[in-house]
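Fold and contact review
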Amino acid sequence: MRTITKYDEKRELIANLVELMKKTDISDTDKESIYKIIINLPNKTIKQKTRFINLFGLKPKEFKKYTLSEIARKENVTPNAIKYSTMSIRVCLYRVSENEFQVLKSIYEKYQQ
């Protein structure tokens, strides 16, 4: 029997939240909350953060979602390069502080009702 760790809980919630953001139009307030967490991630480049923000439409005031292909064309790279950048941000979200995790969790749970 496998023990569920806090890391496993975070990983599962982040995966679910990312899927939710792909399919659901979350509120601008929630997008801004996620944006602030993304911007403050340590050990990630501005380019990686910007790609994630653009993919999910988290940029305050604009909130426009772009596809992998649109971002890739704009940056003159392959869609796979964008995908790997956004995946690295997703993995980094597993390690956010407990307070930031609770913000992400509350956003996810709000849309599960």
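Placed above this text is the structure.
Parameters at a glance
Residues numbered from 1 in each chain as written. Predicted model: local features only at pLDDT ≥ 70, side-chain atom pairs only at ≥ 80, totals over all residues. Heavy atoms only, no water. Phe/Tyr/Trp six-rings, centres within 6.5 Å; stacked < 30°, edge-to-face > 60°. Helix = DSSP H or I, 4+ residues; strand = E, 2+ residues; numbered from the N terminus. Buried < 20%, exposed > 50% of the residue type's maximum accessible area, 1.4 Å probe, protein only. Contact = heavy atoms within 4.5 Å.

Taken as a whole, this structure holds 2 aromatic pairs when the rule is applied. Their ring planes at 90° and their centres at 5.7 Å tell us that Y7 and Y94 sit as a pair that is edge-to-face. Of this pair, Y7 sits in helix 1 (residues 6-23) while Y94 sits in the loop between helix 5 (79-93) and helix 6 (98-110); the two residues are 87 residues apart in sequence, bridging distant segments of the chain. Residue Y7 is classed as partly exposed on the basis of its relative accessible area, which comes to 32%.

Among the structural elements, V91 can be located in helix 5. The exposure class assigned to V91 is partly exposed, which follows from its relative accessible area of 35%. In the structure, V91 is positioned 81 residues away from K10 in sequence and 9.9 Å away in space, judged by C-alpha atoms.

As a further point, take the side chain of S88. As for its position among the elements, S88 is in helix 5. Taking relative accessible area as the criterion, S88 reaches 17% and is therefore assigned buried. Sequence-distant contacts of S88, that is, excluding residues within four places in its chain, are made with K44 and Q48.

Here we come to helix 3 (residues 46-56). Side chains that are three or four residues apart share a direction in an α-helix, a result of its 3.6 residues per turn. Burial runs high along helix 3: 8 of the 11 residues are buried. Where helix 3 ends, the next residue or the one after it, G57, has phi of about 65°, a positive value.

Take the environment of T78 next. Mapped onto the fold, T78 is located in the loop between helix 4 (68-75) and helix 5. Separated by 62 residues in sequence, T78 and N16 place their C-alpha atoms 26 Å apart.

What follows covers the side chain of N54. Tracing the backbone shows N54 in helix 3. Once residues lying within four places of it in the same chain are set aside, the contact partners of N54 are K64, K65, Y66 and I71.

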